[in-house]
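# Structural overview for review
The chain contents come next:
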Amino acid sequence: MNNEPRKEFSAPDASAPRPVNREDGPRRSFGPRKHFAARRKVCRLCAEKIPHVDYKQLQIVKSFCADGGKILSRRITGACAKHQRQLAIAVKINRNLAILPYCG
Ligand SMILES: [Zn+2]
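Attention here is on the structure that accompanies the text. (Residues numbered from 1 in each chain as written. Predicted model: local features only at pLDDT ≥ 70, side-chain atom pairs only at ≥ 80, totals over all residues.)

### Re the overall build of the chain
Tallying secondary structure elements over the chain gives five helices and zero strands in all. Taken across its 104 residues, the chain has 13% of its residues classed as buried. In the chain, the share of contacts with a sequence separation of at least 24, taken over all contacts with a separation of at least 6, comes to 62%. (Helix = DSSP H or I, 4+ residues; strand = E, 2+ residues; numbered from the N terminus. Buried ≥ 20, exposed ≤ 12 C-beta atoms within 10 Å, placed from the backbone. Contact = placed C-beta atoms within 7 Å.)

### So, the nonpolar core
Core analysis: the largest hydrophobic core is formed by 11 residues, namely Leu-45, Val-53, Tyr-55, Val-61, Phe-64, Ile-71, Ala-79, Leu-87, Ala-90, Val-91 and Leu-100. Among the elements that take part in this core, helix H5 (residues 81–96) stands out by supplying three residues, more than any other. With near-sequence residues (within four places) excluded, Ile-71 lies in contact with Phe-64, Cys-65, Leu-87, Ala-88 and Val-91. (Core = buried A, V, L, I, M, F, W, Y, C linked by C-beta atoms within 7 Å.)

### A look at the environment of Leu-72
Examined against the element boundaries, Leu-72 turns out to sit in the loop between helix H3 (58–63) and helix H4 (74–77). Along the sequence, Leu-72 and Lys-62 sit 10 residues apart, while their C-alpha atoms lie 9.9 Å from each other. If sequence neighbours within four positions are ignored, Leu-72 has contacts with Phe-64, Cys-65, Ala-66 and Thr-77.

### Some thoughts on unusual backbone geometry
For Lys-49, which is not glycine, the phi torsion reads 55 degrees and is therefore positive. When you line up the elements, Lys-49 lands in the loop between helix H2 (44–47) and H3.

### Structural notes on H5
The terminal C-alpha atoms of H5, which comprises 16 residues, lie 23 Å apart, in line with the 22 Å expected from a rise of 1.5 Å per residue. All buried positions along H5 are accounted for by His-83, Gln-84, Gln-86, Leu-87, Ala-90 and Val-91. Down the axis of H5, the sector holding all buried residues measures 160 degrees, keeping them to one side. Exposed and oriented more than 90 degrees from the buried face of H5 are Ala-81, Arg-85 and Asn-96. The first or second residue beyond H5 is Ala-98, which carries a positive phi of 65 degrees. (Expected span 1.5 Å × (residues − 1). Arc of directions from axis to C-beta.)

The values reported here are purely geometric and, on their own, carry no functional implication.
In structure tokens, the structure reads:
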């Protein structure tokens, strides 16, 4: 009965035996990214032991902004949640002060 269940999975038309690349990844929606080298996931501000990001620390705040003044996401910068919140507030204060541009 349950002799060869794999035959149903293999393509019925293609008789050419493909190399097994199931382990390689059936789709690329899952799994770790292979494109970039593993970026260290340490919050830069925690590493430098900056307890609080002030809006006046412009060079820090700007370093977490994109070119157009957008706040870079945590996924990109690797900032922790606490510092990301502080950065977001700092950027918004600076936008209000016309130091950083509004964007989007
Ligand atoms: Zn942090």
